[in-house]
Amino acid sequence: MVPPSILSPVTRHAPLAAAILGGLRDVEEIFAKQLRSDLPAVNELAQHVERYRGKMLRPTLLMLSGIASVGAGDGAPIKKAHRICAAVGEMIHMATLVHDDVLDEAETRRRGRTVNSLRGNETAVMLGDWLISNSFHLCSLVGDTAVNVLFGETTNTLCEGELLQLSRREDPTLDEVTYMEIVRRKTAALVATCCSLGARLSGASDEVQTALGLYGERTGCAFQIQDDVLDLVGEEAVVGKTLGRDLEKGKTTLPVILLLRGASPWERSEVLQIIHRRDGAALLERLRRSGCLDEAKATAQSLVESAKSALDVVPEGPARELLRELADEAVRRQA
Ligand code: FPP
Ligand code: MG
């Protein structure tokens, strides 16, 4: 459930650890109850995607933001609404992964087979639809229209990010600004919503809600850059999912944007040929030699630093400290 990297700093502060771990158990229960169907065929699929629930990063951030935003050191500010919204955030994330694996024709996710590889695209598309539908059904149980509106805006943004990315496939002229816009929408928007919503549900000030939203957006962007780096340099056995999909699917990610930007016309044409041939080994060799992987990682690290700075207006305490440690983990992670 919670990886050691997240757990270890939590355990330094026992009341916070109890709040987060207890909260995550409740979230799992809400989640499983929502996805119970009277049809065995549906339940079987729901159980399969349970494995997609890996780090539970979004629920953790939502609850931790709820605690940090009011300067608490224990779970006192965490209410039922936090737990439901945490489950909603994770369910939306899961729906997007099921659909993303269809788009990427991925075979492995969280060390298991993807739904599309096991059951085909039709089932995976419908399962993703069922998950997104369930997430909004669950969300309406909070009984606060504003929460539904917020999650609705977020899923709109997320889909727009994917559509923008699709519109620029096989396009080596994609620049860093557009890449960051894709990343902000497809990945960071949901993380930002989880953080700002956690604060809002705790009754935090507008200033603190905004700060936590910014923290989530910047951490989410850094997380996706690291994801794109791992897609190039990671080992499938460690990362637990199909890698090399960005090159295969014609997605131009930050390390390649930087490589093309710094290349001479001659080098540029060589790199374009490498991309055209889908020659992952040659591309990786060029990326390593040019220092562009390190440059991409440095961009992610600087986003992490500005995410941590956004927390300056959040009350001091162990929850704020843990949020800072989690931001570092977004770029340190190897899986
Ligand atoms: C991961 O990208 C993809 C996302 C964070 C968003 C995917 C969103 C959709 C497919 C839209 C579906 C929307 C709904 C509402 C169901 P990646 O391929 O770089 O990450 P990966 O390495 O984990 O596959
Ligand atoms: Mg993918």
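Before reading further, recall that the structure is shown in the block above.
Below or above, wherever it landed, is the structure these notes cover.

About the thresholds
Residues numbered from 1 in each chain as written. Chains lettered and ligands numbered in written order. Predicted model: local features only at pLDDT ≥ 70, side-chain atom pairs only at ≥ 80, totals over all residues. Heavy atoms only, no water. Donors = N, O, S within 2.8 Å, 3.2 Å for Na, K, Ca; no water. Buried < 20%, exposed > 50% of the residue type's maximum accessible area, 1.4 Å probe, protein only. Helix = DSSP H or I, 4+ residues; strand = E, 2+ residues; numbered from the N terminus. Contact = heavy atoms within 4.5 Å. Salt bridge = Lys/Arg side-chain N within 4 Å of Asp/Glu carboxyl O. Core = buried A, V, L, I, M, F, W, Y, C linked by side-chain atoms within 4.5 Å. Axes fitted to C-alpha atoms, helices over the stretch in contact; angles between N-to-C directions. Parallel < 35°, antiparallel > 145°, perpendicular 65-115°, else oblique. Left-handed = near helix turned anticlockwise from the far one by under 90°. Nonpolar A, V, L, I, M, F, W, Y, C, P; charged D, E, K, R; others polar.

1. Some points on the coordination of the magnesium ion (ligand 2)
The textbook angles at a metal center are 109.5 degrees for a tetrahedron of four donors and 90 or 180 degrees for an octahedron of six.
Item 1. Ligation of the magnesium ion (ligand 2) by protein atoms is provided by Asp 100 (OD) and Asp 104 (OD), these donors lying 1.9 to 2.0 Å from the ion.
Item 2. For Asp 100, a relative accessible area of 17% translates into the label buried.
Item 3. Judged by relative accessible area, which is 8%, Asp 104 ranks as buried.

2. Digging into helix H15 (residues 280-290)
Item 1. Inspection of H15 places Ala 282, Leu 283, Leu 284, Arg 286 and Leu 287 among the buried residues, and these make up the whole buried set.
Item 2. Each element contacted by the buried residues of H15 is listed here: helix H10 (206-233), helix H12 (245-248), helix H13 (254-261), helix H14 (265-277) and helix H16 (292-310).
Item 3. Taken from the residues just after H15, Gly 291 is the one with a positive phi, measuring 80°.

3. Examining the pattern of salt bridges
Item 1. For the structure shown, the criterion picks out 23 salt bridges.
Item 2. Salt-bridge contacts for Asp 246 lead to Lys 251; the nearest nitrogen and oxygen are separated by 3.8 Å.
Item 3. Judged by its relative accessible area of 12%, Lys 251 falls in the buried class.
Item 4. The salt bridge partner of Arg 332 is Glu 329, with a shortest N-O separation of 3.4 Å.

4. Digging into the nonpolar core
Item 1. One finds Leu 131, Phe 151, Tyr 215, Ile 225 and Leu 283 to be the most contacted residues of the largest nonpolar core, which totals 99 residues.
Item 2. Among the elements that line this core, the one with the most residues is helix H5 (residues 80-103), at 13 residues.

5. Structural notes on the packing of helix H4 (residues 57-68) against H5
Item 1. Viewed as axis vectors pointing N to C, H4 and H5 meet at an angle of 150°, and their least axial separation amounts to 8 Å. Looking at the two axes, H4 sits roughly antiparallel to H5. Here the hand of the crossing between H4 and H5 comes out right-handed. Of the residues in H5, those in contact with Arg 58, Pro 59, Leu 62 and Gly 66 of H4 are His 82, Cys 85, Ala 86, Gly 89, Glu 90 and His 93.
Item 2. Of the residues contributing to the contact of H4 with H5, the split by class is 4 nonpolar, 4 polar and 2 charged.

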